[in-house]
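If you want the building blocks of each chain, they are given just below.
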Amino acid sequence: MSENKRHPSATDARKFAGVFRQQVESAIREMRRSTVALAFSGVTAGLGVSFGALFMGMALTYSGGFESKLLQQFVLANASAVGFLLVMLGQTELFTAHTTMAWLPILSGDASLSDLGRLWGVVYVANLVGCAAFAALVAVLGPSMGIVEPSAFGSMADALLPYSGTTILLSGVVAGWLMGMVTWLASASRDTVGEVLVVWVVTAGIGFGPFHHALLGTTEVLGAMFLGQGVTLLDFGRFLLWTTLGNVVGGTVFVAALNYGQIAFGDTPEDVEVDPLEDSEGSEV
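Rules behind the numbers
Residues numbered from 1 in each chain as written. Predicted model: local features only at pLDDT ≥ 70, side-chain atom pairs only at ≥ 80, totals over all residues. Heavy atoms only, no water. Helix = DSSP H or I, 4+ residues; strand = E, 2+ residues; numbered from the N terminus. Buried < 20%, exposed > 50% of the residue type's maximum accessible area, 1.4 Å probe, protein only. Polar contact = N/O pair within 3.5 Å; in protein donor to acceptor, adjacent residues only side chain to side chain. Contact = heavy atoms within 4.5 Å. Core = buried A, V, L, I, M, F, W, Y, C linked by side-chain atoms within 4.5 Å. Phe/Tyr/Trp six-rings, centres within 6.5 Å; stacked < 30°, edge-to-face > 60°. Patch = residues over 30% accessible without salt bridge, like charges linked within 9 Å, V, L, I, M, F, W, Y side chains within 5 Å. Areas by Shrake-Rupley, 256 points an atom, 1.4 Å probe, with all protein chains shown as cover. Salt bridge = Lys/Arg side-chain N within 4 Å of Asp/Glu carboxyl O. UniProt positions renumbered as here; feature names shortened; annotations may be inferred. pLDDT = per-residue confidence, 0-100.

Asks: Would you take a moment to explain the side chain of Asn127 for this structure?
Replies: Looking at the secondary structure, you find Asn127 in helix H7 (residues 113-145). The exposure class of Asn127 is buried, given its relative accessible area of 0%. Within the local environment of Asn127, its side chain forms a polar contact with the backbone oxygen of Glu93, the two atoms lying 2.9 Å apart. Not counting residues up to four positions away in its chain, the partners in contact with Asn127 are Gly42, Val43, Ala45, Gly46, Glu93, Leu94, Phe95 and Leu215.

Asks: Teacher, can you tell me more about the nonpolar core here?
Replies: If you look at the biggest cluster of nonpolar residues, it comprises 62 residues, and the most contacted ones within it are Val49, Phe84, Leu94, Phe153 and Leu215. Put simply, the parts of the chain that give this core at least two residues each are helix H3 (35-63), helix H4 (69-90), H7, helix H8 (150-158), helix H9 (165-188), helix H10 (192-208), helix H11 (214-226) and helix H12 (233-265). Here this core gets 12 residues from one element, more than from any other, and that element is H7. Core analysis: the second largest hydrophobic core is formed by 12 residues, Phe20, Val24, Val255 and Ala256 among them.

Asks: Please explain the packing of aromatic side chains as it appears in this structure.
Replies: For any pair of aromatic rings, the description consists of the separation of the ring centres together with the inter-plane angle of the planes. One pass over the structure, following the stated rule, counts 8 aromatic pairs. Ring geometry for Phe95 versus Trp120: centroids 5.6 Å apart, planes at 75 degrees, classification edge-to-face. Of this pair, Phe95 sits in helix H5 (residues 95-101) while Trp120 sits in helix H7, and the two are 25 residues apart along the sequence. Across this residue pair, the class does not change: Phe95 and Trp120 are buried. Between Phe95 and Tyr124 the ring centres are 4.8 Å apart and the planes differ by 55 degrees, which places this aromatic pair in the tilted class. Linking Phe95 in helix H5 with Tyr124 in helix H7, this pair joins segments that are 29 residues apart in sequence. Residue classification places Phe95 among the buried positions, given a relative accessible area of 5%. Of the aromatic side chains, those joined through ring pairs into one cluster are Phe95, Trp103, Trp120 and Tyr124.

Asks: Any chance you could explain the environment of Gly223 here in plain terms?
Replies: You can see Gly223 is positioned in helix H11. Using a relative accessible area of 0% as the deciding quantity, one classes Gly223 as buried. For the pair Gly223 and Cys131, spaced 92 residues apart in sequence, the C-alpha to C-alpha distance is 9.3 Å. Excluding residues within four positions of it along the chain, Gly223 makes contact with Ala135, Phe153 and Thr218.

Asks: Sorry if this is basic, but what is going on with H8 here?
Replies: For an α-helix the count is 3.6 residues per turn, leaving residues at separations of three or four pointing the same way. Every buried residue of H8 is listed here: Ala152, Phe153, Gly154, Met156 and Ala157. Against H3, H7 and H11 lie the buried residues of H8.

Asks: Got a minute to help me understand a nonpolar patch on the surface in this structure?
Replies: Together, Trp177, Met181, Leu185, Val249, Val253, Phe254 and Leu258 line one region of the surface with nonpolar side chains, adding up to about 540 Å² of accessible area. Mapped onto the fold, Met181 is located in helix H9.

Asks: Help me understand unusual backbone geometry, please; the structure alone is not making it clear to me.
Replies: Comment: phi is negative for the bulk of residues other than glycine, and the bulk of peptide bonds are trans. Geometrically, the link from Gly209 to Pro210 is a cis peptide bond, its omega value of -10 degrees lying close to zero. Position of Pro210 among the secondary structure elements: in the loop between H10 and H11. One non-glycine residue with positive phi stands out, namely Gln91, at about 60 degrees. Along the polypeptide, Gln91 turns up in the loop between H4 and H5.

Asks: Honestly, the UniProt feature "transmembrane region" (unreviewed entry) in the chain in this entry has me stumped. Any pointers?
Replies: Annotation from UniProt places "transmembrane region" (unreviewed entry) at residues 36-62, 119-141, 161-185, 197-216 and 236-258. With 75% helix and 0% strand, the stretch residues 197-216 has end C-alpha atoms that lie 20 Å from each other. What you have in residues 236-258 is 100% helix and 0% strand, and the ends, taken at the C-alpha atoms, are 31 Å apart.

Asks: What should I look at first to understand the confidence of the model for the chain in this one?
Replies: Reading fine detail from the predicted coordinates is not recommended where pLDDT is low. Taken residue by residue, the chain gives an average pLDDT of 89. The fraction at 70 or more is 89%. Across residues 274-285 the pLDDT falls below 50, and counting only partners more than four positions away or on other chains, this stretch makes 21 contacts in the model.

Asks: What should I look at first to understand the pattern of salt bridges in this one?
Replies: Close approach of charged atoms allows side chains of opposite charge to pair. Scanning the entire structure with this criterion turns up 2 salt bridges. Of the charged contacts, one joins Arg33 and Glu30 as a salt bridge, the two residues approaching to 3.1 Å between their closest N and O atoms. The exposure class of Arg33 is partly exposed, given its relative accessible area of 24%. A cluster of three or more residues bridged by salt bridges with shared partners is formed by Glu30, Arg33 and Glu93.

Next up, the structure:
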């Protein structure tokens, strides 16, 4: 009897361990990048994900009003997914992706909390800078070209702001959970087509809610504020605080910790090597 017949889950365990090892190695490489390189990549990601907000605003503007709420959310979900696709395929640094993956080398003992803190801090701030810059661009370009009405961004902000802190937090958990799964599943995809489909379908779920995502939502809320839709800095700060916390919890607990648990406490075949740093000195910086 073959090994796979005796152990039907062995192949799946090997594949899972391979994805885990790949994600840990990727996170460690990002931690070793210079602060300047991370900052440029983070700004690029903030700008890229913001295209999703622009396309959502354009869809609301051009539609003149949707016949049904279901149709509206379907269109906006697919519009928002474009921004995430640009970021994921472009290999730029998005904070909500690293809240998941960057925890893996911490849990496996291959990196320190200071490494994680530096990566998160630089990427998060850089993402926000990119999103704010894009929101300012939308406020100037959108109305002058007639492609985005101020009320469109007002409607998008209204879908995110009028909730209790607890609701925003839990919604952020769902969005962070989905983003974590996107990062993991995209890594497990065998080809570019599979990666595109995974990113598109799962991130469209964030926009369909719409669930609270710290970076895409930043462009939406700041865009509404810059366009004079009655959004204040206090509104933005409250949104950003609860959403960021939720995104971190969702990605860390429901993806990184649970997937690590399968490696640490699962029945991984003995011939599967899960240590990502056999030759850490030779890893790419």
